[in-house]
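Each chain, written out:
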Amino acid sequence: MILRLLAALAVLTGASALSHPAQAADPVFSDTACPADWPSGVREVRCGTLTVDEARDGSSDRRIDIAVVIVKASRPYRDASGRLLPPVVNFHGGPGGDSTPGVGGALRAAQQNPDIFAVDQDMIFFDQRGAGRGSPSMDCPGVELTDAGPPSDEDRDGLIACLKDWQAKGVDLNWYNAAVIADDVRDLVQTLGLEKIDLRGGSYGPRIEAAVITHQPQIVRAAVMDSPWPPEGNWAVGTPEQVSAAVRIILAKCAAQADCAARYPDMQARFETEARRWLAGPVTGADGRTFTVDDLSAFLMDTTYSRVGVRRLPADIAKIIAGDLTPIAEIAEDRTYYFEGQHMAHLCKEELPFESKARLIAGAAGDPVAQVLVPSLSRLFDVCAAVGERPADPIENAPVTTDIPTLFVAAEIDPGCPPPLTEAAARGYANSQVVIVVNATHGVIGASPCTRAMARDFLRDPYAPVDRSCLPAANTPLAFILDPPAA
């Protein structure tokens, strides 16, 4: 889950909208102090703020701030021609995540393992406009939101109220999307005096990478995409089926192992029966706590994203069937890990206008596990209808075509960004390499030394085939976490 922000770095400047087009102002990079609790002496670190126009058409003089952190390489690498590699710009997931607050943790990790990051190349972290330590930072306190959507009607209404409040403060939600972030990246490159950059991101981060490749290809040398979400993906439509497919893969792996199958027999059929019970109405557990199908939806989405959750899924489903709803309660404790305003600004402009609630419902029909996801995802359409953003140009929902060398690394088990989505997207990348990692879950590269080395070697030479010898074999069993047998 994404780290929350406790304080902002910068303030919004220039607040009034103009009645006539304004002259676009130049981007400005300003140095700022790094957080005092970050360890010193690990890497040379530079913190700053990129200030740009909110509107890219000169229709407003509002300026916004984007938080940036630059970490210098410890041992800069030179390629075969003797040239230093360009910096790597990191793209966080979401939409509605952040990356600069996590640099402190990365520096602490580098104290123990100096080779964990920023070795060959400088690394640039930034919080995409509308989130993180920038300004505005469109959080919606008290509103819960997961990748399965708002878990209640109250959360749906809270999102609508929050987004309208940001609009009332003068924020134009139409300027918070992937294409405009690509312009921000171009401006960052310009203000830092760079020629080229490499791109690296995970989850929704590759969606922004794709926008940079589409709109600003002249600044890109190579790209790495981890568990990628491509522009042509559907956020709501098809997601229930993807979650159901992930559950089926996990339970099939359990059924193929004697210990797991003996402990949790016929789990797929039993869970489908359980899902129908939840679809019929709220369920009360043995301890008296009551949960809804939306709570089960959030549990399935978050659990099938998680390395530990995947390994515990058969045991957790068995508990739920037996009336112990603790696994659902644990997920329900924290469902506020996005900057919800930024999240919805993206979805309402470049995702949901190309989808429909009717297609969402039709796709899940007949599959009770998939149907569990429909109510919460349906609420996303209600939020967007109330807010009224302008739909993006259709190119923002189209596959990318490029010859920029790109490494795609995807997880075998991923409810949001499954391998077929990666494989289809890669067809438009003439110089691409695709790696699917067995038993892995969402967020592959950071999960093992093997995939970290693969990404690092690719950026050293983006045209050389990556070494796959360290990857697990296709028939490697998934290491399940089994509850002890009942006494």
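Scroll up to find the structure this text is about.
Residues numbered from 1 in each chain as written. Predicted model: local features only at pLDDT ≥ 70, side-chain atom pairs only at ≥ 80, totals over all residues. Heavy atoms only, no water.

Q: Break down the overall build of the chain for me, with residues and values.
A: Helix and strand content of the chain: 16 helices and eleven strands. By the compact-globule yardstick of 23 Å for 487 residues, the chain fits well, its C-alpha radius of gyration being 23 Å. Within the chain, the proportion of its 487 residues that are buried is 57%. Counting contacts in the chain only where the partners sit at least 6 residues apart, residues at least 24 apart contribute 80% of the total. By element, 53% of the accessible surface of the chain is carried by carbon and sulfur atoms, the whole surface being about 19100 Å². When the 43 positive and 63 negative side-chain charges of the chain are each reduced to one mean point, those points stand 3 Å apart. (Helix = DSSP H or I, 4+ residues; strand = E, 2+ residues; numbered from the N terminus. Rg over C-alpha atoms; globule rule 2.2 N^0.38 Å. Buried < 20%, exposed > 50% of the residue type's maximum accessible area, 1.4 Å probe, protein only. Contact = heavy atoms within 4.5 Å. Areas by Shrake-Rupley, 256 points an atom, 1.4 Å probe, with all protein chains shown as cover. Lys, Arg positive; Asp, Glu negative; His and termini not counted. Charge placed at Lys NZ, Arg CZ, Asp CG, Glu CD.)

Q: Describe the pattern of salt bridges, listing the residues and the values that go with them.
A: In this structure the tally under the stated criterion is 32 salt bridges. For Asp184, the salt bridge goes to Arg56, with nearest N and O atoms at 2.6 Å. With a gap of 128 residues between them, Asp184 in helix 3 (residues 178-191) and Arg56 in the loop between strand 2 (45-53) and strand 3 (63-71) connect regions that are remote in the sequence. Owing to a relative accessible area of 2%, Asp184 belongs among the buried residues under this scheme. Overall, Arg56 belongs to the partly exposed group, its relative accessible area being 25%. For the salt bridge of Glu272 with Arg248, the shortest nitrogen-to-oxygen distance reads 3.2 Å. Residue Glu272 is located in helix 7 (residues 267-279), and its partner Arg248 is located in helix 5 (residues 239-255); the two are separated by 24 residues in the primary sequence. Residue class for Glu272 comes out buried when judged on its relative accessible area of 17%. (Salt bridge = Lys/Arg side-chain N within 4 Å of Asp/Glu carboxyl O.)

Q: Now, about the layout of surface pockets: what can you tell me, with residues and values included?
A: When its volume is computed, the second largest pocket comes out at roughly 430 Å³. As for the second largest pocket, its lining consists of 18 residues, of which Leu84, Leu85, Pro86, Pro87 and Lys196 are closest to the centre. Taken together, the residues of the lining of the second largest pocket break down into eight nonpolar, two polar and eight charged. (1 Å grid on protein atoms, 1.4 Å probe; cavity = no way out; pocket = protein on both sides within 12 Å on 5 of 7 lines; lining within 4 Å. Points joined across faces, edges and corners; volume = space filled by probe spheres on them. Nonpolar A, V, L, I, M, F, W, Y, C, P; charged D, E, K, R; others polar.)

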